[in-house]
Each structure stands twice: as structure tokens, then as C-alpha cells.
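Examining the three-dimensional arrangement
Residues per chain are reported as follows:
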Amino acid sequence: MVRWLNSTLGRGIGFFIVLELMLVPAVLYWPDFSKHIGKFRALAPLPVMRGIIDTLETGGAFAYVTGQHFFKGCNTLGVAAAVLLSVGAVAGEAHRGTLEIFLARPVSRARLLTERYVEGALAVCLPVFASTLTIPALLEHIGEKLSYGPLLWSALHTNLLLLAIYSLGFFLSTLSRTPLAIAFALLFFTILQFALYLVERVTHWSLFRLTDVERFLEIQKRGGLDPKYWLPLAGVSLALYIASLRAFARRTP
């Protein structure tokens, strides 16, 4: 458990560092981007991308920052982190032949699995919140101001999608002993979803429509999360967590 916790903590810290390394130059580039936004729109090869640029233009600094941080950074790096931190939770132990040792601990299986689930979920979600907290200070360097409220609501909304993907990987891990196969399948699925987002007529079938700039502008306007989005996402995570408990209760080394 100590080895797992150290590994999970290290990956979470690494995720935060990479998010921050992407966020800092993106935020500082906002003044130049806003001046030349018309040129960027003219160069956009797809209608969906031109629509995104139009949304950034009308939404100002908030739209730009949420697009850079949540839609670009968290939807790519966050999904990868969610997949990689979930697939090895149980399948990794089985693959290494250490599942029997893991199960021999003098605590219930439900507690063992819950500890694994929570540790990985925190390693995915906390870096998103932590990096989001640095945005207002970064914006002050370029003469912009944003309040923490809409940004933190947006971070929570993003984390709900990442947690749903994490929970799916975690559930599959309780059923398998091949973490690499699960990782490839989930990463292929998420890449396909992002590709669908860029296709004009099928873009609304993409999961990433749930966390695009338009959703974050709605959150800013609403002053909180929309139940029609957060309730299904939270429900999926809860259902997959319960399914994981049931699968793990019947699991043999």
C-alpha cells in the first residue's frame, strides 16, 4: 500500500506540474491572442474550430482560460491520468502476481478497494483544482481579473467527467489482469471521442461536448453547475464504484 500510495502521489504531483507548465504560457499569451484572433479564425481549417474561436472572442479572458486549461489541458492530460491511474488498481496487482498478497491484508475487501479508488481519484482531481487556483494570479500579470468562483465551478465540472472516466477504468481493472489492454482500449475510446468533437455533424455525440468552452460559459452565467450535466456524470461514477465493489468481492487471485 505504501508503494502504491507513493506512486499515486508522485503521479498526481507530476500531473499538476505538467498542467501548470501548459497553463502559464497559455495565460500569458492571452493579450497577443486577443489582438490577432481574426487571423487565427481565418487559419482554422474546420468549422468546429472556427466556432470555438468565435466563442473565445465573445467570452473574453474567461472563455480563453477555460478553453486552454480545462478543454485542452485537462481533457487531454487529465484523461490520460485518469486512465493510467485506474487501470492498474487491481489488474496491475494480478498482472504482477501480487493480488493474493494484497488481499491478505487484515481489512475488508470493500475497504481495500475504496482506499485504492479514493487515492487514485484524488491524484486525478486535486491537481485540476490546485492548478486552477493559480489562474487569477497569473492573469493579474497581464492586467486581467477573474474571480475564483466560476473557475472552481468549472474545475469541479471538469473533474466530474475525469472521475467518470477514472471510474470506468477502475471497474474494468477489477475484472481483468491485463492493465495495458484496458489502457489501450480506453485511450482509443477517448481519442475517438475527441475526433468526433471536431466533425461538424457528429460533434454533439462527443463526450467532450460536456466540457467545452460553451459549457464553462454557461457555468459562469449560471453561477454554478447545471444538474442536467453533473447529476448524470456523478451517477455514472457512483454506479461504476458500486459495480467495482461487487466485482472485487467475487474476485479470486
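Placed above this text is the structure.
Residues numbered from 1 in each chain as written. Predicted model: local features only at pLDDT ≥ 70, side-chain atom pairs only at ≥ 80, totals over all residues. Heavy atoms only, no water.

1. Some details on the environment of Val27
In this structure, Val27 sits in helix α1 (residues 2-28). Sequence separation between Val27 and Thr114 is 87 residues; the distance between their C-alpha atoms is 37 Å. When residues no more than four places from it in sequence are discounted, the contact partners of Val27 are Tyr64, Val65, Leu138, Leu139 and Ile142. (Helix = DSSP H or I, 4+ residues; strand = E, 2+ residues; numbered from the N terminus. Contact = heavy atoms within 4.5 Å.)

2. Some points on the side chain of Asn75
By secondary structure assignment, the location of Asn75 is in helix α4 (residues 47-87). We classify Asn75 as buried; its relative accessible area is 3%. Among the polar contacts made by the side chain of Asn75, one reaches the side chain of Thr211 at a distance of 3.0 Å. In this structure Asn75 touches Phe70, Leu161, Phe208 and Thr211, once residues within four positions along its chain are discounted. (Buried < 20%, exposed > 50% of the residue type's maximum accessible area, 1.4 Å probe, protein only. Polar contact = N/O pair within 3.5 Å; in protein donor to acceptor, adjacent residues only side chain to side chain.)

3. Concerning the packing of aromatic side chains
Scanning the model with the defined rule gives 13 aromatic pairs in all. Summarising the aromatic geometry, the rings of Phe33 and Tyr64 are spaced 5.0 Å apart at their centres and angled 35° between planes, so their arrangement reads as tilted. Of this pair, Phe33 sits in helix α2 (residues 30-35) while Tyr64 sits in helix α4, placing them 31 residues apart in sequence. A relative accessible area of 8% places Phe33 in the buried class. With a centroid separation of 5.9 Å and an interplanar angle of 35°, the aromatic rings of Tyr166 and Phe170 are classed as tilted. With Tyr166 and Phe170 both in helix α9 (residues 148-175) and 4 residues apart, the pair spans about one turn of that helix. The buried category is assigned to Phe170, whose relative accessible area is 0%. By the ring-pair criterion, three or more aromatic residues cluster together here, those being Phe71, Phe194, Tyr197 and Phe208. Above the plane of the ring of Phe248 lies Arg109, whose end atom (NZ or CZ) is 5.6 Å from the centre. The ring of Phe102 has Arg116 lying over it, and the distance from NZ or CZ to the ring centre is 4.3 Å. (Phe/Tyr/Trp six-rings, centres within 6.5 Å; stacked < 30°, edge-to-face > 60°. Lys NZ or Arg CZ within 6 Å of the ring centre and 35° of its normal.)

4. Some words on the packing of α9 against helix α10 (residues 179-197)
Relative to each other, α9 and α10 sit at 150°, their axes nearing to 10 Å. The angle between α9 and α10 falls in the class roughly antiparallel. Here α9 runs over α10; the crossing is right-handed. Side by side, α9 and α10 meet where Ile165, Leu168, Gly169, Leu172 and Ser173 of the first sit next to Ile182, Leu186 and Thr190 of the second. Its residues placed into classes, the contact of α9 with α10 shows 5 nonpolar, 3 polar and no charged. (Axes fitted to C-alpha atoms, helices over the stretch in contact; angles between N-to-C directions. Parallel < 35°, antiparallel > 145°, perpendicular 65-115°, else oblique. Left-handed = near helix turned anticlockwise from the far one by under 90°. Nonpolar A, V, L, I, M, F, W, Y, C, P; charged D, E, K, R; others polar.)

5. Observations regarding helix α12 (residues 227-249)
With 23 residues, α12 extends 32 Å from end C-alpha to end C-alpha; this agrees with the ideal 33 Å at 1.5 Å per step. All of the buried residues along α12 are Tyr229, Leu233, Ser237, Leu240, Tyr241, Ser244, Ala247 and Phe248. Lining the buried residues of α12 we find α6 (99-103), α7 (109-132), α9 and α11 (213-222). (Expected span 1.5 Å × (residues − 1).)

6. Quick look at the nonpolar core
One finds Val65, Val83, Leu99, Val128, Tyr166 and Phe248 to be the most contacted residues of the largest nonpolar core, which totals 65 residues. With 16 residues, α4 is the single largest residue contributor to this core. The contact partners of Val83, leaving out residues within four places of it in the chain, are Ile165, Ala183, Leu186 and Leu187. (Core = buried A, V, L, I, M, F, W, Y, C linked by side-chain atoms within 4.5 Å.)

7. Some thoughts on the pattern of salt bridges
Going through the model one piece at a time under the given rule, you end up with 8 salt bridges. Residue Glu93 pairs with Arg96 through a salt bridge whose shortest N-O separation is 3.6 Å. Residue Glu93 and its partner Arg96 are located together in helix α5 (residues 91-96), separated by 3 residues, close to a single helical turn. When its relative accessible area of 3% is taken as the criterion, Glu93 is described as buried. Looking at Arg96, the relative accessible area reads 45%, which means it is partly exposed. Members of the salt-bridge network, linked through shared partners, are Arg209, Asp212, Glu214, Arg215 and Glu218. (Salt bridge = Lys/Arg side-chain N within 4 Å of Asp/Glu carboxyl O.)

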